[in-house]
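The lines below spell out each chain.
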Amino acid sequence: MSSRQRLRAWIAAPVLALFAAILGWGFARAPAFGDFHGAYGDLLNRIAVPQRHTSNVVTAIVFDYRGFDTMGEEFILFASVVGVVLLLRAVREPATGQDDPVASDAIRLFGIIMVAVILVFGLWLAAFGLVTPGGGFQGGVAIAGGIVLVFLASGYRAWRTFGRERLLDPFEGLGAASYAAVGLAALIAGAPFLHNLLGLGVAGTLRSGGSMTLLNWAVAVEVAAANLVLYTEFLESYLVPHLPRR
Amino acid sequence: MACAATSVALCLDPLRQIFLSGVYGLLLAVLFVVLQAPDVALSMLVVSTVAYPLIVLIAISRTRRERGEE
Amino acid sequence: MTILVYAVVAWVFAIGIYGAIVSRNLIHLALCLTVTQSSTYILLLAIGYKHGAGAPIFEDVKLGTAAVDPVVQSLTLTDVVVSVTVIALILALALDVHRQSDSIDPDEISTLNR
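If you're wondering where the values come from, they're calculated on a predicted model, not measured in any experiment. (Residues numbered from 1 in each chain as written. Chains lettered and ligands numbered in written order. Predicted model: local features only at pLDDT ≥ 70, side-chain atom pairs only at ≥ 80, totals over all residues.)

(A) Region of interest: the overall build of chain C. Each helix and strand counted, chain C has four helices and zero strands in total. Listing every helix and strand of chain C by position from the N terminus yields α-α-α-α. Burial analysis of chain C (114 residues in total) assigns 58% to the buried set. (Helix = DSSP H or I, 4+ residues; strand = E, 2+ residues; numbered from the N terminus. Buried ≥ 20, exposed ≤ 12 C-beta atoms within 10 Å, placed from the backbone.)

Shown next, in the form of structure tokens:
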């Protein structure tokens, strides 16, 4: 351990001790494990299905009861992706068009099958989020993960056709904007922001939950595009020779 | 659980660390299922096995490669 | 059982912070932060857990069945996904630092800037 590390540890020690004290104080009053009765959660568990016609209460909370928080989260996502893009895109030279072909046909075939499987899985996750576990957030990450497999399976050139910023950036903005738009539509119609405008649909079907479905897909598009933009930026910064350091 | 977290935090080589953190993420996902939170388990699963490794591996290779060139 | 759960949470949090403090590598530091963050997930979900209760998803389950607290789950859910992009931002900053000073060791960076 270097002297500097030791110094940092000493600086951190009192802060951590203070934190431990606060933590101990908090835990002393915390409910026993498995014996929590939050009025809010219990209430929502009882009323969410009859009130919102969605069988997944967690998704109902994310997109309806606490939809405004979710919009905040979405914009955190958006802002940090913008930050990454600003940091990484600034230093890049134009792509040199290098390609590293995947040698084995078997790998390529397997990869492409996996792309299809994971894409379908991601779409399923996103689509049935209001019925079974899943939703736009998880589905979006899975979709992005499936598409990035294209890169691993068939090389950089094939990836470029997916990863073009011109295509992806609008999608990301669209996802964030349409979430706000669904909320504003309710406002224009004279209801509170993010109010559920459309009918509630039938519980247990794809169309259950009314405008929650729209919000769900908006989030799915936003998350998938955001992750793809991230992957693209990182992959490009890896493959493309960067400018000499200043 | 605590052991897995410890190994992630204390593994000094980032390359080994990212594999450990993948295992840690999977353990977390299992724990979340046990705690009756399938939604969170799913998101932890996709995030810790796809997103983290990808960006971290690229960041590592980027810093490694330049060091090799010198 | 209660003490064990809270002890694990505190330990995971502390070990993540410790790793970040003694870290000699910014990428390592970012991963330590994810460990620290995961302690909050465990804490939230552990608090929401109820003995003998099912998941708060009422597909094929009679309404009114005991279920764990869904509010903490939805908090955790969005946070998990958003954390990826935040970590990506941290890594991008680390790469930028690396480009400027040719090092990802926080100690060396502060030496160079002096």
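(B) Fine view of the overall build of chain A. Regarding its fold elements, chain A presents eight helices and zero strands. Mapped from its N terminus to its C terminus, chain A presents α and β elements in the order α-α-α-α-α-α-α-α. Taken across its 246 residues, chain A has 39% of its residues classed as buried. The long-range fraction of contacts in chain A, counting pairs at least 24 apart against all pairs at least 6 apart in sequence, stands at 73%. (Contact = placed C-beta atoms within 7 Å.)

(C) Local environment of helix H1 (residues 2-21) of chain C. Spanning 20 residues, H1(C) covers 29 Å between terminal C-alpha atoms, matching the ideal 28 Å at 1.5 Å per step. Turning to H1(C), its buried residues number three or more, namely C:Val5, C:Tyr6, C:Val9, C:Val12, C:Phe13, C:Ile15, C:Gly16, C:Gly19 and C:Ala20. (Expected span 1.5 Å × (residues − 1).)

(D) Structural detail: the interface of chain B and chain C. Across the contact, 31 residues belong to chain B and 35 residues belong to chain C. Of all the secondary structure elements, the ones that give two or more residues to the side of chain B that touches chain C are helix H1 (2-10), helix H2 (14-34) and helix H3 (38-69) of chain B. At 14 residues, the largest contribution of residues to the side of chain B that touches chain C is made by H3(B). Of the residues in the side of chain B that touches chain C, the class split is 23 nonpolar, six polar and two charged. (Nonpolar A, V, L, I, M, F, W, Y, C, P; charged D, E, K, R; others polar.)

(E) The arrangement of the packing of helix H2 (residues 26-48) of chain C against helix H3 (residues 70-101) of chain C in detail. Residues and elements named next belong to chain C. Where H2 meets H3, the axes come as close as 10 Å, and the angle between the chain directions of the two elements is 175 degrees. If you check the angle between H2 and H3, you find them roughly antiparallel. Only Val72, Gln73, Leu75, Thr76, Val80, Ser83, Ile87, Ile90, Leu91, Ala94 and Val97 of H3 make contact with H2, whose side of the interface consists of Leu26, Ile27, Ala30, Thr34, Gln37, Tyr41, Leu44, Leu45, Ile47 and Gly48. Per-class residue counts for the contact of H2 with H3 are 15 nonpolar, six polar and no charged. (Axes fitted to C-alpha atoms, helices over the stretch in contact; angles between N-to-C directions. Parallel < 35°, antiparallel > 145°, perpendicular 65-115°, else oblique.)

(F) The confidence of the model for chain A, seen in detail. Residues and elements named next belong to chain A. For chain A, per-residue confidence averages 68 on the pLDDT scale, and 49% of positions sit at 70 or higher. Within chain A, the lowest mean pLDDT, 63, falls on helix H7 (residues 165-188), and the highest, 79, falls on helix H1 (residues 3-29). The low-confidence segment residues 201-206, where pLDDT is below 50, has 16 contacts with residues more than four positions distant or belonging to other chains. Note on residues 242-246: pLDDT is under 50 here. Beyond four places in sequence and across chains, it has eleven contacts. (pLDDT = per-residue confidence, 0-100.)

(G) Here's a closer look at the environment of A:Val148. Along the polypeptide, A:Val148 turns up in helix H6 (residues 136-163). Expressed as a C-alpha distance, the spacing of A:Val148 and A:Val115, which sit 33 residues apart in the sequence, is 8.3 Å.

(H) Up close: H2(B). Residue and element names in this part refer to chain B. The terminal C-alpha atoms of H2, which comprises 21 residues, lie 30 Å apart, in line with the 30 Å expected from a rise of 1.5 Å per residue. Within H2, burial applies to Pro14, Gln17, Ile18, Leu20, Ser21, Tyr24, Gly25, Leu28, Ala29, Leu31 and Phe32. The first or second residue beyond H2 is Gln36, which carries a positive phi of 65 degrees.

(I) Inspection of the packing of H1(A) against H1(C) at higher detail. At a minimum axis separation of 11 Å, H1(A) and H1(C) run at an interaxial angle of 165 degrees. When the axes of H1(A) and H1(C) are compared, the pair comes out roughly antiparallel. In this structure, the crossing between H1(A) and H1(C) has a hand that is right-handed. Across the interface between the two elements, A:Arg8, A:Ala9, A:Ala12, A:Leu16, A:Leu23 and A:Phe27 of H1(A) pack against C:Tyr6, C:Ala10, C:Ile17 and C:Ile21 of H1(C). In terms of residue class, the contact of H1(A) with H1(C) is made up of nine nonpolar, no polar and one charged. (Left-handed = near helix turned anticlockwise from the far one by under 90°.)

(J) The arrangement of the environment of A:Val141 in detail. Its location among the elements puts A:Val141 in helix H6. Between the C-alpha atoms of A:Val141 and A:Gly26, which are 115 residues apart in sequence, the distance is 35 Å. For A:Val141, the residues in contact, after removing those within four places along its chain, are A:Val223, A:Asn227, B:Val46, B:Val47, B:Val50, B:Ala51 and C:Val81.

(K) Spotlight on the nonpolar core. In terms of nonpolar packing, the biggest core is built from 107 residues, with B:Phe32, B:Val47, B:Ile55, C:Leu45 and C:Leu91 touching the most fellow members. Among the elements that make up this core, the one with the highest residue count is H3(C) (17 residues). Apart from residues lying up to four places away in sequence, B:Val47 is in contact with A:Val141, B:Tyr52, C:Val80, C:Val81 and C:Val84. (Core = buried A, V, L, I, M, F, W, Y, C linked by C-beta atoms within 7 Å.)

(L) Layout of the confidence of the model for chain C. Averaged over all residues, the pLDDT of chain C equals 77, while 78% of them reach at least 70. Predicted confidence in chain C is weakest over helix H4 (residues 106-113) of chain C, with a mean pLDDT of 62, and strongest over H2(C), with 84.

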